[in-house]
Amino acid sequence: MLCATVTCALLLVTQVSEAFITNTNNARKHIVQKPNIIFILADDYGFNDIGYHGTQIKTPTLDQLAEEGVKLENYYVQPRCSPTRSQLMSGRYQIHTGLQHLILWRWQRAALPLDSPTIADKLKETGYSTHMVGKWHLGFYTEALLPQNRGFDSYFGYLSCTESYYNHTIDWLDHKHRYLDLRDNNGPVYSKDGHYSTHMFTEHAENIISRHAEKSSSSPLFLYMAYEAVHSPLEVPKSYEEKYSFIKDDNRRRYAGMVDTLDEGVRNITHALKKAGMWENTIFVFSTDNGGDIKAGGNNYPLRGWKGSLFEGGIRGVGFVSGGALKTRGVVNRELIHVSDWFPTLVKGVAGGSLNGTLALDGFDQWPTITGKDVPSARSYLLHNIDISYPKRGKKMFSDTWDTRVRAAIRLGDMKLITGQPDDGSWVKPPSDESVPHGDVIHSKDQGYKNVWLFNITADPTEHYDLSEKYPHHVHHMLDMISAIDLTAVPPNYPKPDPASNPALHGGVWGPWVK
Ligand SMILES: *[C@@H]1O[C@H](CO)[C@@H](O)[C@H](O)[C@H]1NC(C)=O
Ligand SMILES: *[C@@H]1O[C@H](CO)[C@@H](O)[C@H](O)[C@H]1NC(C)=O
Ligand SMILES: *[C@@H]1O[C@H](CO)[C@@H](O)[C@H](O)[C@H]1NC(C)=O
Ligand SMILES: *[C@@H]1O[C@H](CO)[C@@H](O)[C@H](O)[C@H]1NC(C)=O
């Protein structure tokens, strides 16, 4: 626009400065507003069961989100539910929280200790509204241990695991009596009988998102969405299962339907975020909690072993980062990343918060690795676990260092060392599609007393070639590392069942029983 008059020139100046002010405000708003963080944790979701790894089960939503973001292809979780959740919430290894043995049972007086803040505590401290939907599984014998008292503004979900997807009950020690395990901040929720959990949790998350947007509060949202899917019991609405009628194996077909529901739930959550105008400022993380359980429809082929195992099928996880606020797109990340890393990665890397006030963290801030180009992992090694309470196996193989009868595993660069009893190391193909007959298992040839394995995971991710005899110096060095790390361990906290936990004694619902 050419200005011939003084008035016109003044007008132009005003327009320019208004634009300048608006831009500055936008920029300031942009700096102040931290990204929303949506963390979706799937349960017992196998390595071979996401569309972009497998061929049998279709997951269009997850595939697209991963395609638009960063696929984590050297990503590790723990072999079971509570252990992975404990490390996600605390950023600390199980050997430092007393949770190194198996899982937390609903009748045990044990829990993720209160001595260090959770990821929700820290995100709340840095200004987030924090909400949790779904499965907790980190102990609940006192009120102080409930999620709403561990950093979450609101909680809606299951305290334990393996609840009925429809009536939300789970059994007592006698395996006869079943009791409700569904609550929110105010106590038990009785009104959801018959509401399938994947739908129920998804709808709850959608409500949290729309309410958050309506408040137009300046606080960012942290939503921890821990689906029950796709853990057993294998329960699924018929319409989802029918899409997989070509799978003849009952467990696998139901499981496939459950994955389909999960994928749809994630789609609905992303739609809710988009509708609320929040997607562009969201970091979206998806992870499994452990490998698939082959006895409950899951599959990890071509990896070795399954849920519970220290072979890769138990611990190498499906995971990716996506969301409108992620600038890195269409990338496959092959750096070593672990579930304990989310604590510093999300609190510091994404939210810009401080890591003060925690006990020593075992996780590393991996945000530079996830968002950068060719930025190496912040970790050089990864302790998978040390479990001195697990049944010992074989004879001690080295006299001067770690007792190789004890269950443990560590990763150092390319190499992984396993000792003791790692659980079944078979390779299992998905049952019953056209080409693979039901029950196609390639059994491990390892004898029952073998207790040391060394693999080059980079060259041999399916763990076919044990190198322990070829490289004894690697074995020795890594055994020494386990011994040294073990000096920092606290004793496992795995108490006997507490009869006082019986829901029959307190209102017929699962919940805290110690004052
Ligand atoms: C709840 O569902 C489970 C199956 O998951 C079933 O065994 C149990 O009988 C059901 N309980 C009630 C009260 O309907
Ligand atoms: C997703 O949303 C559609 C449309 O509202 C609904 O029919 C479906 O049940 C929802 N699925 C899940 C898993 O919540
Ligand atoms: C951590 O530092 C922040 C300020 O940087 C402070 O508000 C908070 O109270 C500190 N937390 C602890 C546990 O020291
Ligand atoms: C492990 O395999 C990788 C990839 O093939 C290779 O670069 C590396 O040298 C191997 N490490 C050892 C110790 O053999």
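Residues numbered from 1 in each chain as written. Chains lettered and ligands numbered in written order. Predicted model: local features only at pLDDT ≥ 70, side-chain atom pairs only at ≥ 80, totals over all residues. Heavy atoms only, no water.

**Considerations on the sheet that holds strand β8 (residues 183–184)**
Pairing is mixed across the open sheet formed by 10 strands, whose spatial order is β9-β8-β5-β4-β10-β1-β11-β12-β2-β13. Every interior strand has two partners, whereas the edge strands, β9 (187–188) and β13 (331–333), have only one. Where strand β2 (residues 70–72) and strand β12 (residues 319–322) come together, 2 bridges link them in antiparallel fashion. Bridge pairing links K71 to F320 in β12. Sheet contacts for helix α9 (residues 342–350): β1 (36–42), β2, β11 (282–288) and β12; angle to β1, the most-contacted strand, approximately 165°. (Pairing = 2+ DSSP bridges. Helix = DSSP H or I, 4+ residues; strand = E, 2+ residues; numbered from the N terminus. Contact = heavy atoms within 4.5 Å. Axes fitted to C-alpha atoms, helices over the stretch in contact; angles between N-to-C directions.)

**Notes on the pairing of strand β10 (residues 221–226)**
Of all 6 residues in β10, 6 are buried; the element is thus mostly enclosed. Covered by surrounding structure in β10 are L221, L223 and M225 together with F222, Y224 and A226, the residues of both alternating faces. Strand direction decides the pairing type here: β1 and β10, joined by 5 bridges, are parallel. Within the sheet, the bridge partner assigned to F39 lies in β10 and is Y224. Relative to β10, strand β4 (residues 129–134) is paired through 6 bridges, and the arrangement is parallel. Across the sheet, the residue bridging to M132 is Y224, located in β10. (Buried < 20%, exposed > 50% of the residue type's maximum accessible area, 1.4 Å probe, protein only.)

**Looking at the packing of aromatic side chains**
In total, this model carries 21 aromatic pairs according to the counting rule given. Both rings, one in F39 and one in W342, keep their centres 5.7 Å apart while their planes meet at 80°; by these two values the pair is edge-to-face. Here the residue F39 occupies a position in strand β1, and W342 occupies one in helix α9, the gap between them amounting to 303 residues. Considering the side-chain rings of F311 and W453, the 5.8 Å spacing of their centres and the 85° angle between planes classify their relative orientation as edge-to-face. Note that F311 is positioned in the loop between β11 and α8 (312–315) and W453 in strand β20 (residues 452–456), a separation of 142 residues in sequence. Residue W453 is classed as buried on the basis of its relative accessible area, which comes to 1%. One aromatic cluster in this structure is built from W105, W107, F140, Y141, W172, W510 and W513. The aromatic ring of W279 is capped on one face by K274, whose charged end is 5.0 Å from the ring centroid. The side chain of R304 reaches across the aromatic face of F311, ending 4.2 Å from its centre. (Phe/Tyr/Trp six-rings, centres within 6.5 Å; stacked < 30°, edge-to-face > 60°. Lys NZ or Arg CZ within 6 Å of the ring centre and 35° of its normal.)

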